Amino acid sequence: MLTNTAPGLDLEASFEQALQGLGLSPAAAHMLWLPLPMVLVLVAAVVGVLVNVWLERKISAAVQQRIGPEYAGALGVLQPIADGIKLVFKEDIIPAKADGLLFTLGPVLVLIPVILSWLVVPFGQHLLISNVGIGIFLWISLSSIQPIGLLMSGYASNNKYSLLGGLRAAAQSISYEIPLALAVLAVVMMSNSLSTVDIVNQQTGAGILSWNIWRQPVGFVIFWICALAECERLPFDLPEAEEELVAGYQTEYSGMKFALFYLGSYINLVLSALLVSVLYLGGWGFPIPVEWLAGWLGQPIDAPLVQLITGSVGIVMTVLKAYLLVFLAILLRWTTPRVRIDQLLDLGWKFLLPIALVNLLITAALKLAFPMAFGG
Amino acid sequence: MTIASTTQLICFVALSATLVLGALGVVLLPNIVYSAFLLGGVFLSVAGLYLLLNASFVAAAQVLVYVGAVNVLILFAIMLVNKKENLAAIPGLGVRRLLSGAVCGGLFVLLIRVAFTTPWALPGPEPVGEEATIRIGEHLFSDYLLPFELASVLLLMSMIGAIVLARRDVLSSDVITGEAADQGLIEKERTPLLLEKSPR
């Protein structure tokens with residue numbers, strides 16, 4: 001763990017102090033603290049998926065001039081819950097000629113790395129599960145486990161469409177991982193750290209003007225394209241292209257195992273949106289620095305009430321930015337046609353990869369030339 | 001014993017058990033797909049052991065390179081070349097198994113002996129922790145620069161080789177001799193391999 005001495009809401013320290021005040025040992029207090037943020041983030045991720053599903057249904061309806069879900073709750077907000085309950089109660093079928101063990105393990109392997117990656121998503125200076133030093137690198141390496149789960153479920157289904165879908169998914173995520181990592185590397189080079197908290201802190205100097213999107217416009221576009229491809233969202237949802245592959249690696253799945261894939265893809269979408277906002281849109285930063293606002297209002301920045309407000313503003317800003325990006329992703333899904341598999345791989349290897357490399361080189365050059373603006 | 005050290009011990013035992021059992025499975029299972037998936041599990045538990053040793057960067061690199069690249073490529077190769085054919089029976093299989101078992105057992109005994117006779121400096125040097133990333137970078141660009149660059153040249157060479165082999169379909173015949181470009185020509189000892197593109 002990094003020792004973080006920057007000011008800000010530190011719930012962990014306060015919680016443990018309170019417990020130690022009740023006569024618990026520091027270790028026991030820490031043990032009691034540990035599960036809290038994990039459960040909170042897990043709940044946040046799942047609720048995020050519910051919101052996402054509702055948004056997807058409503059926005060797709062609006063794009064196609066329909067009304068969308070309407071009767072389940074006000075504006076259909078309970079529709080995703082109904083969907084979830086339906087999936088839970090469906091029969092769980094394992095095809096007779098399928099490999100039962102791998103068939104069950106596949107969806108689990110797809111979901112676990114995505115949830116583990118939430119470890120490094122910061123909602124504030126101290127509002128994250130763990131400020132590990134390798135931060136963003138952990139996310140990149142965890143997301144490289146996912147193709148194995150996809151290959152596993154594609155193979156175990158014993159179905160040619162599933163196998164083709166699994167192979168496509170793995171090929172796609174391997175090819176887009178490289179430009180993605182190069183785009184992240186350019187940001188990391190500017191902030192001199194892999195930690196997500198440091199990456200955000202480096203963007204907090206002058207509010208909206210110091211966000212990385214102005215210094216890394218190309219990187220931002222590359223990252224966003226690659227994130228969409230990693231999430232298998234349209235225009236890159238080749239692994240489950242209905243006309244060609246039925247539903248790709250998901251063809252044989254039903255009930256809760258299918259729900260795991262579904263959950264995984266939506267959690268991944270929210271996670272990618274959150275990471276775009278962390279890497280390029282200033283994370284929890286308000287467009288005008290909260291320190292300035294507090295100064296203009298004549299409030300000390302480390303007063304408890306002000307800290308509470310700035311902490312809440314941080315969470316709201318992170319989620320707001322992420323959901324704006326999710327909105328963009330949904331709009332893209334319902335307005336763009338799907339690319340062909342060869343176009344997809346061409347785009348990844350022959351276009352994005354060279355551009356990402358050039359972007360990295362230019363960033364390095366600018367960092368040497370203008371150390372003030374590019375984090376020398 | 002504190003809570004932290006107990007957790008560490010449990011993690012160590014669990015990781016080592018999955019590592020050893022998984023590795024045995026990779027070697028002993030008859031189904032090659034299971035072996036490949038288990039290999040991924042073995043790589044992951046090695047990454048877990050690195051994490052226990054406070055080497056988080058190495059652990060993440062292990063996951064990225066071995067699980068994310070090497071293992072996925074192995075799986076790709078297995079799934080694309082999934083021929084359902086029975087291998088020809090090898091004569092003297094029992095003797096071969098016995099011999100290889102003896103060699104492995106001998107190596108194991110040797111390693112155990114080394115592990116028990118070496119005077120290990122306990123406890124070892126203080127773990128660098130989060131500073132490790134910076135230290136690795138410094139070493140890679142100072143005293144380990146040559147091996148680092150040589151490794152990149154090696155990777156480039158293997159990549160070009162792989163491309164030449166993979167794009168055999170557009171190459172029809174050797175420019176000099178006019179021989180057809182097939183596996184035999186490529187495996188023959190001769191330099192350089194000049195190939196002409198087939199008319200398309």
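Only a predicted model underlies this, so the values are computations on that prediction, with no experimental measurement involved.

Cut-offs applied
Starting afresh in each chain, residues are numbered from 1 along the sequence in its written order. Just so you know, chain letters begin at A and ligand numbers begin at 1, following the order they were written in. Whole-chain, interface and lining totals are the exception, using all residues; otherwise, since this is a predicted model, local features are given only for residues with pLDDT of at least 70 and side-chain atom pairs are given and counted only at 80 or more. In this description a helix means any DSSP run of H or I spanning at least four residues, a strand means any run of E spanning at least two, and both kinds are numbered starting from the N terminus. The exposure label follows from counting other C-beta atoms within 10 Å of a residue's C-beta, where the C-beta atoms are placed from the backbone and the thresholds are 20 or more for buried and 12 or fewer for exposed, leaving partly exposed in between. Two residues form a contact once the distance between their C-beta atoms, set from the backbone, is within 7 Å. Among buried residues, those of type Ala, Val, Leu, Ile, Met, Phe, Trp, Tyr and Cys that are joined through C-beta atoms within 7 Å form a set called a nonpolar core. What pLDDT reports is the predictor's confidence in each residue, on a scale of 0 through 100. The classification used treats Ala, Val, Leu, Ile, Met, Phe, Trp, Tyr, Cys and Pro as nonpolar, Asp, Glu, Lys and Arg as charged, and all other residues, Gly among them, as polar. Helix span, as expected, comes to 1.5 Å for every residue beyond the first. Note that the bend at a residue is defined as the angle between axes fitted to the seven residues ending at it and the seven residues starting at it. Axis definition: a line fit to C-alpha positions, over the contact stretch in the case of helices; interaxial angles, taken between N-to-C directions, run 0 to 180 degrees. An angle counts as roughly parallel when it lies under 35 degrees, as roughly antiparallel when it exceeds 145, as roughly perpendicular when it falls between 65 and 115, and as oblique in every other case. Crossings are classed by handedness, with left-handed meaning an anticlockwise turn of the near helix from the far one by less than a right angle and right-handed meaning a clockwise turn.

Tallying secondary structure elements over chain A gives 16 helices and zero strands in all. Taking the principal axes of the C-alpha coordinates as reference, chain A spans close to 65 × 55 × 45 Å. The buried share of chain A, taken over its 376 residues, is 45%. In chain A, the share of contacts with a sequence separation of at least 24, taken over all contacts with a separation of at least 6, comes to 79%.

Turning our eyes to something else, we now look at the nonpolar core. Residues and elements named next belong to chain A. Judged by nonpolar contacts, the single largest core of 109 residues is most densely connected at Val-184, Phe-223, Cys-226, Val-270 and Val-276. If you tally residues by element for this core, the top one is helix α8 (residues 160-191), at 17 residues. Each residue touching Cys-226, except ones within four places of it in the same chain, is listed here: Tyr-176, Pro-179, Leu-180, Ala-183 and Leu-352.

Turning our attention to the confidence of the model for chain A. Scored by pLDDT, chain A comes out at a mean of 83, with 97% of its residues at no less than 70. Confidence over residues 1-6 of chain A falls short of pLDDT 50; this stretch has ten contacts with residues more than four positions distant or in other chains.

Moving on, we come to the confidence of the model for chain B. Close inspection of predicted coordinates is inappropriate for parts of the model with low pLDDT. Residues and elements named next belong to chain B. On average, chain B scores 81 in pLDDT, and the residues at 70 or more come to 80%. Summarising per-element confidence for chain B, the mean pLDDT is lowest in strand β2 (residues 195-197) (55) and highest in helix α4 (residues 93-117) (91). Scored as a whole, the predicted complex attains pTM 0.82, and scored at its interfaces, ipTM 0.82.

All right, on to the interface of chain B and chain A then. Interface size is commonly expressed as the accessible surface area that is lost when the partners come together. Of the residues lining the interface, 19 residues belong to chain B; the matching set on chain A comes to 24 residues. At the level of secondary structure, the elements contributing two or more residues to the side of chain B that touches chain A comprise α2 (32-52) and α3 (56-80) of chain B. The class makeup of the residues in the side of chain B that touches chain A is twelve nonpolar, six polar and one charged.

This next bit is on α3(B). Quick reminder: α-helices carry 3.6 residues per turn. Residues three or four places apart thus point the same way. Compared with an ideal rise of 1.5 Å per residue, which puts 25 residues at 36 Å, α3(B) spans 34 Å between its outermost C-alpha atoms and is within 8% of the ideal. Where α3(B) bends most, at B:Asn71, the angle is about 25°. Of all the positions in α3(B), only B:Ser56, B:Phe57, B:Ala59, B:Ala60, B:Gln62, B:Val63, B:Leu64, B:Val67, B:Gly68, B:Asn71, B:Val72 and B:Leu75 are classed as buried. At its buried positions, α3(B) is contacted by α6 (135-143), α7 (146-156) and α8 of chain A together with α2 and α5 (132-140) of chain B.

A word on the environment of A:Ser157. All names here are of chain A. With respect to the helices and strands, Ser-157 occurs in the loop between α7 and α8. C-alpha separation for the pair Ser-157 and Leu-332, spaced 175 residues apart in sequence, amounts to 31 Å. Residues in contact with Ser-157, not counting those within four places in the same chain, are Pro-95, Ala-98, Phe-103, Ser-162, Tyr-249, Thr-251 and Glu-252.

Summarising the element assignment, A:Ile330 is placed in helix α15 (residues 304-335). Beyond its immediate chain neighbours, meaning those up to four positions away, A:Ile330 contacts A:Leu55, A:Glu56 and A:Ile59.

All names here are of chain A. Within the chain, Gln-65 stands out as a residue other than glycine whose phi angle is a positive 55°. Tracing the sequence through the fold places Gln-65 in the loop between α3 (35-63) and α4 (79-89). Of note, Asn-192 is a non-glycine position whose phi angle comes to about 55°, a positive value. Within the element layout of this structure, Asn-192 appears in the loop between α8 and α9 (196-201).

Residue and element names in this part refer to chain A. Their axes nearest at 9 Å, the elements helix α1 (residues 11-21) and helix α2 (residues 26-33) cross at an angle of 130°. One way to sum up the angle between α1 and α2 is to call them oblique. In this structure, α1 meets α2 at a crossing whose hand is right-handed. From α1, Glu-12, Phe-15, Glu-16, Leu-19 and Gln-20 reach across to α2, where they touch Pro-26, Ala-29, His-30, Leu-32 and Trp-33.

Moving on to the packing of helix α5 (residues 100-116) of chain A against helix α13 (residues 255-280) of chain A. Residue and element names in this part refer to chain A. Packing of α5 against α13 leaves a shortest axis separation of 9 Å and a crossing angle of 20°. It follows from the interaxial angle that α5 and α13 lie roughly parallel. Handedness of the crossing formed by α5 with α13: left-handed. Contacts between α5 and α13 involve Thr-104, Pro-107, Val-108, Val-110, Leu-111, Val-114 and Ile-115 on the former and, on the latter, Lys-257, Leu-260, Phe-261, Leu-263, Gly-264, Ile-267, Asn-268 and Leu-271. Among the residues forming the contact of α5 with α13, the class breakdown is eleven nonpolar, three polar and one charged.

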